[in-house]
Amino acid sequence: MNVLFFEVSLLLYFLGTALFLSQLAGRLEAVSQSAFVVAGSAFFFHTLALVSRMIEGGHIPLTTMHEVLSFFSWALVLVFLVVELRYRIHILGSFILPLAFISLISAAALPKEIKVLAPIFRNVWMHVTLSLLGTVAFAIAFVAGLMYLIQEHLLKSKHRNALYHKLPALDFLDDLNGKAISLGFPLLTLGIITGALFAEFTRGSFLNWNAEQIGALGTWLFYLVVLLGRVTVGWRAKRAAYLTVLGFAGVIFTLVGVLVKEHPFA
Amino acid sequence: MNIIIVGLNHRTAPVELRERLAVPESRLPEAVARLKGWPGVAESLILSTCNRVELYAVVKDTALGFESLREYFVKIAPTVSGEELVPYLYYFDGHDAIRHLFRVTSSLDSMVVGEPQILGQVKVAFDVALTQKTTGVVLNKVLKKAISVGKRVRSETGIAANAVSVSYAAVELAKKIFQNLAGKTVLLIGAGEMAKLAARHLMQAGMQNVMITTRNFELAVDVAKHFNGLPVPFNDFPEEMSNADIVICSTGAASYLVTAEDVQKALWTRRNRPMFLIDISVPRNIEPAVGAVDNAYLYNIDDLQGHVEKNLEQRRQEAMKAEDLVKDEVGLVTRWIKSLEVLPTILALRRKADDIQKGELERILSRLGPLTPRQRELVEELASAISNKLLHGALVALKAEADSTNGPLFTEIAQRLFDLEKEIEASQLKEAAEETRTVSPDDVH
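Residues numbered from 1 in each chain as written. Chains lettered and ligands numbered in written order. Predicted model: local features only at pLDDT ≥ 70, side-chain atom pairs only at ≥ 80, totals over all residues.

### Concerning the overall build of chain B
Test applied: Numbering of helices and strands starts at the N terminus; helices are DSSP runs of H or I of at least 4 residues and strands are runs of E of at least 2. We call two residues in contact when the distance between their C-beta atoms, placed using the backbone, is within 7 Å.
Within chain B one finds 18 helices and 10 strands. Residue pairs at least 24 apart in sequence account for 74% of intrachain contacts in chain B once pairs closer than 6 positions are excluded.

Structure below.
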């Protein structure tokens, strides 16, 4: 059942992504409205998929790579829907939906069966959820940074095209970027702490210098510097945008490259 | 009676000089009254804006009038010497003066063609002159006409759309840099009309804080009052710039007032919060390298107007339409001023009396039947004696005032009392027809 819901939502996300991308080029209000409706219903089926999976498996579905990526997409779209309803920035969807769709299609390519959890892994969802929510926040910062760089380029080169009109103001994007990082950083910090505690609990050491841990610590340090730079010496605006776009590449590296290989429970 | 103008504007004089000479609104009444008392000046008006200072006068002797106004100009600002000032002055009289005034009120002479503020500024100057009673028949009529021409140009041609679109573009751009203009601050460097218009539009869009700096601090205080803003001493503005989210520069100084280094420093102080800089000045007052500074967005007037050739052509056409309109109106007013001269009025009055006399005589003689030549002579004498004696006083008074400053007033009254307007118009048309007749053979060659 959960796989059916998942596939319906995947189809709807595909449609939503196509609509959101086509609204970039056009000026039709109808396109962006239907894109929003499609994204909303995709999110609805996606939620059904996650819930039914949880009921069927009897535990929070964050134990396989498929589940992690699926949850990541779900949280990303949730944030988009909230921001969209609050600020009405249609164009945000044109950036977030493709990201969510890519993550979801990677999930679709992975084995979908529900794993039977050893009792020792019962509480791992806390570590995974925190880390993932941190990642979602960094993804939002990445999207805001990307939009910032595009808008900044359009303003500097004095190109007032359709994209310029759709992208929001620079300081809004910078603000979104800053907020996303200040939210993502503590989440990642807690994710790392719970992860370390969990490692100590299961393997007897907080840190065993595997690639995942090094990646996570590197990401954490990077965002610490970005955050401190913003607060103290004014690394905002263009520099912040560049750094967060760059930082997210590191996050992807950690998330994909390392998790696929050898996460303890994968 | 001749209308003359001595003045300087953004094209002839550097901003440093213009700002020192500008007469603040608070001192305008006294200044215009003093000008009226100047030798040879019958009527006076002073138009002082950020881009121009102009003295208007009605004088009998044009050459003397020019000299008189020049002398007055030198005395406006104690810090400006004659040698420094005189090379920048322009002089207009008669037809040219009226044309200039009409072009000014139509904003064809403005830094940004089509800007709407100048019309209001002319109205203020006129109001001040009216309350000080320094204007008379000539300036009253010419100024009223100038204001109506300005309005016509605004409504009948598209030049006004240009200025509005420029400040609209500025607001639109500001909104792409700042999500919310409330709480943001704009700094006006120099207070040109276009800058003030843009600031006004920004305030309508929610902007609240305005800072103004001009070389002449008094002027900054004056302008700040209008915006409920903060005047900033000119020397302090590079430091104050870090508090400004938007900077509008419109001084027309000969060199760069804002350098890339200044902006970089300001951005450093404001922790890289973006700045939007608008350069309305010609030549530019903000160093173009500012555009390359991160987080600074520099737009000049051409960027705002958009470089599309079609727009440029369209603007040129609208300006030409406005010029044509001004030309027609100038012709009408010049003819009217000419009619205010005493001699044509006397002639018209005589002619009218003669016409009436002749008409009445013919009517009465045909009814009296056959008369002896002597009787006929007596009747004719009677008619002419009545009209001559009746007109005598009026003609003497008119002649006496021909050389005084009241001349135009008397002729205006005489024309009204005796209903001479049509009479004079007809003779002017005849004159004009004769002129073209005498010119046309030359044209054929």
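### So, the overall build of chain A
Helices and strands together make up the secondary structure of chain A, namely nine helices and zero strands. Ordering the α and β elements of chain A from the N terminus gives α-α-α-α-α-α-α-α-α.

### Observations concerning the pairing of strand 3 (residues 52–59) of chain B
All names here are of chain B. Applicable threshold: Each residue is classified by how many other C-beta atoms fall within 10 Å of its C-beta atom, where C-beta atoms are placed from the backbone; a count of 20 or more means buried, 12 or fewer means exposed, and values in between mean partly exposed. If DSSP finds at least two bridges between two strands, the strands pair.
Along strand 3, eight of the eight residues are buried, which leaves the element largely enclosed by surrounding structure. Every second residue of strand 3 is oriented toward a common face, with Arg52, Glu54, Tyr56 and Val58 on one face and Val53, Leu55, Ala57 and Val59 on the other, all of them buried. Alignment of strand 1 (residues 2–9) against strand 3, held across eight bridges, turns out to be antiparallel. Bridged to Asn2 within strand 3 is Val59.

### A word on the interface of chain B and chain A
For clarity, the cut-off: Gly falls in the polar group here, along with every residue not listed as nonpolar (Ala, Val, Leu, Ile, Met, Phe, Trp, Tyr, Cys, Pro) or charged (Asp, Glu, Lys, Arg).
In this complex, chain B contributes 13 residues to the contact, which on the side of chain A involves 13 residues. Classifying every residue of the side of chain B that touches chain A gives four nonpolar, three polar and six charged.

### Some details on the environment of Gln208 of chain B
In this fold, Gln208 of chain B is placed in the loop between helix 9 (193–204) and strand 6 (209–213). Gln208 of chain B sits 24 residues away from Lys184 of chain B along the chain, and the two C-alpha atoms are 6.5 Å apart.

### With respect to the sheet that holds strand 4 (residues 90–93) of chain B
Residues and elements named next belong to chain B. Here is the rule we go by: Interaxial angles span 0 to 180 degrees and are taken between N-to-C directions of axes, which are lines fitted to C-alpha atoms, for helices over the stretch in contact.
Read across the sheet, four strands follow the order 2-3-1-4 without closing on themselves; strand pairing throughout is antiparallel. Strands with a single pairing partner mark the edges of an open sheet, and in this sheet they are strand 2 (41–48) and strand 4. Each strand axis lies, on average, 15° off the axis of its neighbour in the sheet, ignoring direction. Of the strand pairs in this sheet, strand 2 and strand 3 are connected by seven bridges, and their pairing is antiparallel. Each residue of the ladder has a partner; that of Glu43, found in strand 3, is Val58. Against the sheet, helix 3 (residues 62–76) touches strand 1, strand 2, strand 3 and strand 4, its axis set at about 35° to strand 1. Packing of helix 7 (residues 137–156) onto the sheet brings it into contact with strand 1, strand 2 and strand 3, and relative to strand 2 it is tilted by some 35°.

### Let's talk about the nonpolar core
What counts is decided by this rule: The nonpolar core is taken to be a set of buried Ala, Val, Leu, Ile, Met, Phe, Trp, Tyr and Cys residues joined by way of C-beta atoms within 7 Å.
One finds Val247 and Ile248 of chain B to be the most contacted residues of the largest nonpolar core, which totals 190 residues. Ranked by the residues each element gives to this core, the list is headed by helix 5 (residues 124–157) of chain A, at 17 residues. In contact with Val247 of chain B, other than residues within four places in its own chain, are Leu187, Ile189, Met241, Met275, Leu277 and Ile278 of chain B. In terms of nonpolar packing, the next biggest core, distinct from the first, is built from eight residues, Val342, Ala348, Leu349 and Ile424 of chain B among them.

### Points about the packing of helix 5 (residues 94–105) of chain B against helix 7 of chain B
For any two helices packed against each other, the geometry is given by the interaxial angle and the distance between the axes. All names here are of chain B. Threshold: Note that the term roughly parallel is reserved for angles under 35 degrees, roughly antiparallel for angles over 145, roughly perpendicular for angles of 65 to 115, and oblique for everything else. Whether a crossing is left-handed or right-handed is set by the direction in which the near helix is turned from the far one by less than a right angle, anticlockwise for left-handed and clockwise for right-handed.
At a minimum axis separation of 8 Å, helix 5 and helix 7 run at an interaxial angle of 40°. Taken as axis vectors, helix 5 and helix 7 run oblique relative to one another. Classified by chirality, the crossing of helix 7 by helix 5 is right-handed. Facing Ile98, Leu101, Phe102 and Thr105 of helix 5, the residues of helix 7 in contact are Val142, Ala146, Ile147, Val149 and Gly150. A breakdown of the residues in the contact of helix 5 with helix 7 according to their chemical character gives seven nonpolar, two polar and no charged.

### Quick look at helix 9 of chain B
Here is the rule: What a helix should span is 1.5 Å times the count of its residues minus one.
In this model helix 9 of chain B runs 17 Å from its N-terminal to its C-terminal C-alpha over 12 residues, within 8% of the 16 Å that 1.5 Å per residue would give. Where helix 9 of chain B terminates, the next one or two residues include Gly206 of chain B, which has phi positive at roughly 115°.

### Notes on the confidence of the model for chain B
Note the threshold: How sure the predictor is of each residue is captured by pLDDT, a score from 0 to 100.
For chain B, per-residue confidence averages 86 on the pLDDT scale, and residues scoring 70 or more make up 94% of the total. Overall, residues 439–445 of chain B carries pLDDT values under 50, and its contacts beyond four positions in sequence, including any with other chains, amount to zero contacts.

### Some words on helix 5 of chain A
Residue and element names in this part refer to chain A. Here helix 5 contains 34 residues, and its C-alpha end-to-end distance of 49 Å stays within 8% of the 50 Å for a straight helix at 1.5 Å per residue. Among the 34 residues of helix 5, 24 are classified as buried, and the element is accordingly described as predominantly covered. Of the residues one or two after helix 5, Lys158 is the one with positive phi, at around 60°.

### So, the environment of Leu12 of chain A
Residue and element names in this part refer to chain A. The topology assignment puts Leu12 in helix 1 (residues 2–25). We classify Leu12 as buried; it has 20 C-beta atoms within 10 Å. Sequence spacing of Leu12 and Phe43 is 31 residues, and the spatial spacing of their C-alpha atoms is 8.6 Å. Those residues in contact with Leu12 that sit more than four places away from it in its chain are Val38, Ser41, Ala42 and Phe45.

### Thoughts on the sheet that holds strand 7 (residues 230–231) of chain B
Residue and element names in this part refer to chain B. An order of 7-6-5-8-9-10 is seen for the six strands of this open sheet, with the pairing classed as parallel. Two strands lie at the open edges of the sheet, namely strand 7 and strand 10 (296–300), each paired on one side alone. Sheet topology note: the strand 6/strand 7 ladder contains two bridges and is parallel. Across the sheet, the residue bridging to Ile212 is Pro231, located in strand 7.

### Points about the pairing of strand 9 (residues 275–279) of chain B
Residues and elements named next belong to chain B. Burial analysis of strand 9 places five of its five residues in the buried class, which makes it a mostly covered element. Side chains Met275, Leu277 and Asp279 project from strand 9 onto one buried face, and the interleaved Phe276 and Ile278 project onto a second face that is buried too. Bridging between strand 8 (residues 246–249) and strand 9 involves four bridges; their strand directions are parallel. From the neighbouring strand, Ile246 faces strand 9, where its bridge partner is Phe276.

### Here we look at the environment of Leu173 of chain A
Residues and elements named next belong to chain A. With respect to the element layout, Leu173 can be found in helix 7 (residues 170–203). The class of Leu173 is buried, set by 27 C-beta atoms lying within 10 Å. Between the alpha carbons of Leu173 and Ala141 there is a distance of 8.8 Å; along the sequence they are 32 residues apart. Ignoring any residue separated from it by four or fewer positions in sequence, one finds Leu173 in contact with Ala144, Met147, Tyr148, Gln151 and Pro168.

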